[in-house]
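What the coordinates show
Letter by letter, the chains look like this.
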Protein chains: 2
Amino acid sequence: MEIGIIGLGLIGGSLGLDLRSQSHKVIGVSRRAQTIERALERGVIDAGSTEFGALSSADLVVVCTPISLIVPTVKCLRDVVPPGAIITDVGSVKGRVVEPCTTLYPHFVGGHPMAGTAEQGIEAAQRDLFQGAVYAFTPVEETNPKDVEILTGLARSLGSDVMTCAPDIHDQAVAWISHLPVFVSAGLIEACGLDVDPIVLQLAQRLASSGFRDTSRVGGGNPELGMMMAQHNRTALLQSLRSYQQQIAQFIAAIEAKDWVQLQTRLAQAQKLRPDFVD
Amino acid sequence: MEIGIIGLGLIGGSLGLDLRSQSHKVIGVSRRAQTIERALERGVIDAGSTEFGALSSADLVVVCTPISLIVPTVKCLRDVVPPGAIITDVGSVKGRVVEPCTTLYPHFVGGHPMAGTAEQGIEAAQRDLFQGAVYAFTPVEETNPKDVEILTGLARSLGSDVMTCAPDIHDQAVAWISHLPVFVSAGLIEACGLDVDPIVLQLAQRLASSGFRDTSRVGGGNPELGMMMAQHNRTALLQSLRSYQQQIAQFIAAIEAKDWVQLQTRLAQAQKLRPDFVD
């Protein structure tokens, strides 16, 4: 296949490396000529351009731009790609993307590969990034099943575990297990960094070890990620945050009341529930 | 020195291994004869007993029992050890331990090596567990500086980074960076495990990856640890939980109001504050 990739960052670049290794022809599009140059040097793409026109013979285009640019990109692309070409995206929120994009272009299929590293940009692109990762597709009623089938085959060829679900179910699920943890974790850093007496703070900073490190990791990351989650998945995130707030309130109430039976029950429940999510 | 260790679990056992390797004579005391036997087999102790009487010629005794047993243990020990022998403990909460123990026995010095693994018990004992870890001592006005000096030398010989502070400052600091994260993290597991619509839950369980894994790790651990924190460091933990609750409420308010400037500021602040605690 001739596959276009728009946006040559970590995800777009890693896709290019894997797809080229399977003998697909990969055409990269980036706003910056320098990125195209680097992508060519690194073997991420076969050819590249700063113009969408380069995708006029693509069978499939993967939009790997920031979420806010997906809809405008599809709007331009639909007049460029051959009739019937599939367009998919890799955005981590689907509801606000899939509906307008499907209306704009009937061969659009929302996608979300759940892969990443702490690094960003073309230099971070790596082979086998999607190996073993869940790759979600979010077809809607109007979606062509054949398009989903082709994308599923391609994602499986990357070693991904493919699943399909409705866009809003996807967004609710990621709100709970991916977006909520960022705010849970950022709140911990802010409480410890801002609300603590200076003498205690100095000691706390020295004593902080693996428990604090792990619990604060995602909250101390790139603020743009948290902003994207809050702006593009606001309703689902708010629901999960309000529910979480109740859990914290219940811990406080149990400890205030010295209700140790209740507290023990809750902590044992948390221990029991966790393996349903992660090993 | 002749050094007694009461309680031969992960901490007591690991101490024994390190201290013996430095040619100290290590006498172990455990409630169970089987533990003594295993400690002898593993080379953790030179001799052992189920009776405190075995410590009648000890220069130093390290109490490695659960927190609730430290005061009763010191009460028995003071009539057994030679006059002037030092008694120290390794409990992770100090205020409720140091005051009664110092009253019971003037050569008591509170201690807290900030080391551990997920494993427990004598089988988990390992060499060099304290290497590079912070080891806090919490002397009070009545404490003999010479005793602190001896303990400091010993902790440094284990490779630990020794610091001293007041018991209540210690307890506040660990409430923030060690105890609060457990409840922050347990609340996340409970919100995701209990409050989520079944169809979403199924997907969420499949999509959960490293962000959820790290943020939920300490909350999914042994409930006894969280119970110990809540029961023995209740006031400081409640203060940190209430402050944390405010941080979460402020996130909710900013997202509800679509106050993206405020949210961006807060997330950027979290990113900036974290390296003051951990690398």
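All of the points below concern the structure found in this document. Just so we're clear, the structure is a prediction, and the values are computed from it rather than from any experiment.

Here the focus is the relation of the copies chain A and chain B. Relative to chain B, chain A is turned by 180° and slid 0.0 Å along the rotation axis, the superposed coordinates differing by an RMSD of 0.0 Å. Both copies of the chain, as the preceding transformation shows, are related through a two-fold rotation axis. Using C-alpha coordinates, one finds that chain A approaches the rotation axis most closely at T215(A), a distance of 2.1 Å. Most of the interface of chain A is mirrored in chain B, where 100% of its interface residues again form contacts.

This part is about the interface of chain A and chain B. Between chain A and chain B, the residue contacts involve 89 residues of the former and 89 residues of the latter. Of the roughly 8,800 Å² buried where chain A meets chain B, counting both sides, 69% is carbon and sulfur surface. If you look at where chain A meets chain B, you find eight salt bridges. Across the pair R242(B) and E256(A) runs a salt bridge, and its minimum N-O distance is 2.7 Å. Linking chain A with chain B are 27 residue pairs in polar contact (both at pLDDT 80 or more). When residues in the side of chain A that touches chain B are grouped by element, the largest group, 21 residues, is from helix 6 (residues 167-194) of chain A. Within the side of chain A that touches chain B, the residues separate by chemical class into 50 nonpolar, 23 polar and 16 charged.

What follows is about the sheet that holds strand 4 (residues 60-63) of chain B. All names here are of chain B. An order of 3-2-1-4-5-6 is seen for the six strands of this open sheet, with the pairing classed as parallel. Looking along the sheet, the strands with just one partner apiece sit at the ends: strand 3 (47-49) and strand 6 (108-109). Sheet analysis places strand 2 (residues 25-29) next to strand 3, joined by three bridges and oriented parallel. By the bridge assignment for strand 3, G28 is matched with G48. Where helix 1 (residues 10-21) meets the sheet, it contacts strand 1 (2-6), strand 2 and strand 4, and its direction lies at approximately 165° from that of strand 1.

When two helices pack together, you describe them by how their axes are tilted relative to each other and by the distance separating the axes. All names here are of chain A. Orientation of helix 6 relative to helix 10 (residues 234-256), taken along the N-to-C sense of each, is 60°, at an axis distance of 9 Å. One element, helix 6, and the other, helix 10, form an angle in the oblique class. Note on packing geometry: the crossing formed by helix 6 with helix 10 is right-handed. Contacts from D171, Q172, A175, W176, H179, L180, F183 and V184 of helix 6 reach helix 10 at A236, L237, Q239, S240, L241, S243 and Y244.

Rules used throughout
- Numbers given for residues are sequential positions, taken from 1 along each chain in its written order.
- The naming scheme follows written order: chains are lettered A onward, ligands numbered 1 onward.
- pLDDT decides what is reported in this predicted model: residues at 70 or higher carry local features, side-chain atom pairs at 80 or more are listed and counted, and totals for whole chains, interfaces and linings draw on all residues regardless.
- Here the side-chain values reflect all heavy atoms present in the structure, with hydrogen atoms and water set aside.
- Superposing the copies works by least squares over the C-alpha atoms of residues that have pLDDT at least 70 in both of them.
- Only heavy atoms enter the contact rule, under which two residues are in contact if any of them lie within 4.5 Å.
- By buried area we mean the combined loss of accessible area, with a 1.4 Å probe, across both parts when two parts are placed together.
- Salt-bridge detection follows one rule: a side-chain nitrogen of Lys or Arg within 4 Å of a carboxyl oxygen of Asp or Glu.
- Polar contact is the term for a pair of N or O atoms within 3.5 Å; when the atoms are in protein, one must be able to donate a hydrogen and the other to accept it, and sequence-neighboring residues count only if both atoms are side-chain atoms.
- A run of DSSP states H or I qualifies as a helix once it reaches four residues; a run of E qualifies as a strand once it reaches two. Both are numbered from the N-terminal end.
- Residue classes follow a fixed rule: Ala, Val, Leu, Ile, Met, Phe, Trp, Tyr, Cys and Pro count as nonpolar, while Asp, Glu, Lys and Arg count as charged, and any other residue, Gly among them, counts as polar.
- DSSP-based pairing: two strands are paired if at least 2 bridges between them are found.
- The axes are straight lines fitted to the C-alpha atoms, using for helices just the contacting stretch, and the angles between their N-to-C directions are given from 0 to 180°.
- Any angle that falls under 35 degrees is termed roughly parallel, while one over 145 is termed roughly antiparallel, one within 65 to 115 roughly perpendicular, and all others oblique.
- For any helix crossing, the convention is left-handed if the near helix is rotated counterclockwise from the far helix by under a right angle, and right-handed if that rotation is clockwise.

Remember that the coordinates give geometry; whether it matters functionally is a separate question.
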